[in-house]
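What follows is each chain in one-letter form.
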Amino acid sequence: MNTTSPSTLHFTSTTTSDGTAEHTFTHGRLHNYATRFVPGARQAVAGDGPGNGSGDKLTAAALDACGPGDRPGPGQQVDATKRMTAAGERALVLAGAGSAGNAWEIGVIAGLFEAGLDVTRSDLIVGTSAGSTAAAQITSGTQPAVLLAAILAAETPPRTAPAGSDAGRARTVAAANMMEETGAIIAAAGNAADMRRRMGAWALERDAGSDGSRQRQWRATVAARLPSQLWPQLRVLITAVDADTGGPAVFDRHSGVDLVDAVAASTSNGYPYGIGGRRYINGGYRRNENADLASGYARVLVLSPFGGRSRHPLDWGMQLATQVDELRARGSRVATIFPDSNSEYMFGANAMDLSLRPPAARAGYNQGRSLAGQLTDFWDGR
């Protein structure tokens with residue numbers, strides 16, 4: 001667990017500041033990675049990719065705001081935060097980091113759950129990119145252990161090759177090329193809003209002349225990862241960015257958007273995803289973790305596979321540390337969990353390598369089990 005500010009739980013020490021106890025802990029090597037769950041894996045839901053399911057408290061961010069029952073049209077902006085009422089006690093924030101990041105988050109949640117700490121029933125769940133898939137998966141009614149077992153035991157998809165193979169290297173090279181292109185866009189932008197507009201324009205240009213088959217294929221891929229395609233009753237937000245305007249977007253179950261489409265928009269990378277008359281790109285361009293959407297909640301737990309790192313200039317305020325400061329200013333206590341030193345290598349340009357999902361899930365599971373005892377007091381408000 002990692003600390004990004006004085007009131008953020010990092011779990012390596014215990015201090016007191018302004019009457020608030022702060023806990024920081026480190027986590028050592030991997031162990032006990034739920035092998036006893038593997039026999040049930042083949043009964044698990046299909047799909048072990050970056051995200052699954054419809055949780056009761058899933059939150060999605062996108063740019064169009066529409067009323068209940070309405071699908072976003074060409075002139076509408078989706079902003080589910082406008083419907084948010086009084087904040088609650090507990091919020092869970094699930095950031096993005098490719099297929100490996102999704103697996104790690106599922107592992108952490110499963111480890112916490114087995115050790116007696118259930119974070120799937122949070123008052124709010126915010127999902128971004130691969131974290132939006134995880135949010136849908138854990139709120140679908142599927143037990144975390146089953147989701148974990150599916151990752152550990154499912155046969156490797158045909159398109160995926162072992163780590164170090166030609167296919168695996170090709171995926172890593174493609175991701176590295178994408179990082180280079182988007183990095184150049186970030187470098188050329190004057191601020192965060194300019195960056196979002198440039199990212200949207202770049203994605204739209206790449207998609208020019210498309211016959212729609214790419215979107216249909218991506219939607220089918222996302223749908224296969226979800227144990228349920230129904231929005232949960234819990235408060236869930238899913239983030240995205242409007243590709244045409246660069247504006248942030250947030251979806252929830254009242255946005256008139258199917259859960260599959262919200263997750264597909266949040267996870268779209270390099271190409272836009274159309275919903276109604278609008279097109280969206282990855283929610284991570286709104287802010288890296290989008291933890292600020294949990295503003296006003298008493299306790300906020302953030303899972304950040306990228307360890308709070310940001311590719312953006314610090315003065316843009318995209319990084320987790322700034323989001324934590326904002327949460328604290330509104331009275332929230334914040335705890336973060338980052339990958340430990342034994343697993344952080346999986347969350348770079350190779351985060352889309354599907355062969356890394358099992359080790360990432362095992363690493364997350366062991367961290368969850370290790371940290372559950374220390375996190376319980378925080379989660380219960382003690």
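Predicted, not measured: the structure shown is a model, and the values here were computed from it.

## Regarding the nonpolar core
Then, number 1: Ranked by size, the top nonpolar core spans 58 residues in total, and within it Leu92, Leu94, Phe251, Leu301, Leu303 and Leu375 carry the most contacts.
Then, number 2: The leading source of residues in this core is helix H9 (residues 357-379), at 9 residues.
Then, number 3: The residues contacting Leu94, other than those within four sequence positions of it, are Glu105, Ile109, Ile125, Val126, Gly127, Thr128, Gly131, Ala134, Ala135, Ile138 and Leu303.
Then, number 4: Counting residues in each nonpolar core, the second largest holds 18 residues, with Ala80, Val250, Ala294 and Leu320 among its members.

## Let's talk about the packing of aromatic side chains
Then, number 1: According to the stated counting rule, one finds 3 aromatic pairs in the structure shown.
Then, number 2: Arranged with centres 5.3 Å apart and planes meeting at 75°, the rings of Phe251 and Tyr280 form a pair that is edge-to-face. One end of the pair, Phe251, is in strand S8 (residues 248-251); the other, Tyr280, is in strand S10 (residues 278-282), and 29 residues separate them in sequence. Neither Phe251 nor Tyr280 differs from the other in exposure class; each is buried.
Then, number 3: Here the aromatic rings of Phe378 and Trp379 are separated by 6.3 Å at their centres, their planes lie at 40°, and the arrangement is tilted. When sorted by exposure, Phe378 lands in the same class as Trp379, which is buried.
Then, number 4: The side chain of Arg206 reaches across the aromatic face of Tyr271, ending 4.4 Å from its centre.
Then, number 5: Positioned above the aromatic ring of Tyr271 is the side chain of Arg214, whose terminal nitrogen or guanidinium carbon lies 3.7 Å from the ring centre.

## A short note on helix H5 (residues 192-206)
Then, number 1: With 15 residues, H5 should reach 21 Å at 1.5 Å per residue; the first-to-last C-alpha distance of 21 Å fits that figure.
Then, number 2: Where H5 starts, the residue carrying a side-chain oxygen 3.2 Å from the main-chain nitrogen of Ala193 turns out to be Asn191.

## Considering the pairing of strand S12 (residues 333-337)
Then, number 1: Within S12, 5 of the 5 residues are buried, which leaves the element mostly enclosed by the surrounding structure.
Then, number 2: Residues Arg333, Ala335 and Ile337 point to one face of S12 and Val334 and Thr336 to the other, with burial holding for every one of them.
Then, number 3: By the bridge criterion, 5 bridges tie strand S11 (residues 299-303) to S12 in an arrangement that is parallel. Looking across to S12, one finds that Arg299 is bridged to Arg333.
Then, number 4: As for the winding sense of the linkage, the β-α-β connection from S11 through helix H8 (residues 320-329) to S12 is right-handed.

## Observations concerning the pairing of strand S6 (residues 124-127)
Then, number 1: Side-chain alternation along S6 places Leu124 and Val126 on one buried face and Ile125 and Gly127 on a second face that is also buried.
Then, number 2: Both strand S5 (residues 90-94) and S6 contribute to a ladder of 4 bridges, which runs parallel. Note on S6: the bridge partner recorded for Leu92 is Ile125.
Then, number 3: Crossover handedness for the path S5 to helix H1 (residues 98-114) to S6: right-handed.
Then, number 4: In the sheet, S6 pairs with strand S7 (residues 235-242) via 3 bridges, with the strands oriented parallel. Bridging across to S7, Ile125 finds its partner in Val236.

## Things to note about the environment of Gly364
Then, number 1: By the secondary structure assignment, Gly364 is in helix H9.
Then, number 2: The class of Gly364 is buried, set by a relative accessible area of 0%.
Then, number 3: Along the primary structure Gly364 and Ile337 are separated by 27 residues, whereas in three dimensions their C-alpha atoms are 9.6 Å apart.
Then, number 4: Sequence-distant contacts of Gly364, that is, excluding residues within four places in its chain, are made with Trp104, Gly107 and Val108.

## Some thoughts on the environment of Ala262
Then, number 1: Here Ala262 lies in helix H7 (residues 259-267).
Then, number 2: The sequence separation of Ala262 and Ser132 amounts to 130 residues, and the corresponding C-alpha distance is 8.5 Å.

## Quick word on the pattern of salt bridges
Then, number 1: Taken as a whole, this structure holds 15 salt bridges when the rule is applied.
Then, number 2: A salt bridge links Glu89 to Arg299, with the nearest nitrogen and oxygen atoms 3.1 Å apart. Linking Glu89 in the loop between strand S4 (58-60) and S5 with Arg299 in strand S11, this pair joins segments that are 210 residues apart in sequence.
Then, number 3: A salt bridge links Arg90 to Asp380, with the shortest nitrogen-to-oxygen separation between them at 3.8 Å. Taken together, the residues Arg90 in strand S5 and Asp380 in the segment after H9 connect sequence positions 290 residues apart.
Then, number 4: Classification of Asp380 by relative accessible area gives partly exposed; the value is 36%.

## Examining unusual backbone geometry
Then, number 1: A positive phi angle, close to 55°, is found at Ser129, a residue other than glycine.
Then, number 2: Position of Ser129 among the secondary structure elements: in the loop between S6 and helix H2 (130-138).
Then, number 3: Here Asn290, not a glycine, exhibits a phi torsion of approximately 60°, which is positive.
Then, number 4: With respect to the element layout, Asn290 can be found in the loop between S10 and S11.
Then, number 5: The class for Asn290 is buried, based on a relative accessible area of 0%.

## Quick notes on the confidence of the model for the chain
Interpretation of the predicted coordinates at a detailed level should be avoided for regions scoring low in pLDDT.
Then, number 1: Looking at the chain as a whole, its pLDDT mean stands at 80, while 73% of the residues score no less than 70.
Then, number 2: Note that pLDDT drops below 50 for residues 3-69; the model gives that stretch 292 contacts with residues more than four away or on any other chain.

Here is what the cut-offs are and how they apply
- Residues numbered from 1 in each chain as written.
- Predicted model: local features only at pLDDT ≥ 70, side-chain atom pairs only at ≥ 80, totals over all residues.
- Heavy atoms only, no water.
- Core = buried A, V, L, I, M, F, W, Y, C linked by side-chain atoms within 4.5 Å.
- Buried < 20%, exposed > 50% of the residue type's maximum accessible area, 1.4 Å probe, protein only.
- Helix = DSSP H or I, 4+ residues; strand = E, 2+ residues; numbered from the N terminus.
- Contact = heavy atoms within 4.5 Å.
- Phe/Tyr/Trp six-rings, centres within 6.5 Å; stacked < 30°, edge-to-face > 60°.
- Lys NZ or Arg CZ within 6 Å of the ring centre and 35° of its normal.
- Expected span 1.5 Å × (residues − 1).
- Polar contact = N/O pair within 3.5 Å; in protein donor to acceptor, adjacent residues only side chain to side chain.
- Pairing = 2+ DSSP bridges.
- Right-handed = clockwise from strand over helix to strand, strands pointing away.
- Salt bridge = Lys/Arg side-chain N within 4 Å of Asp/Glu carboxyl O.
- pLDDT = per-residue confidence, 0-100.

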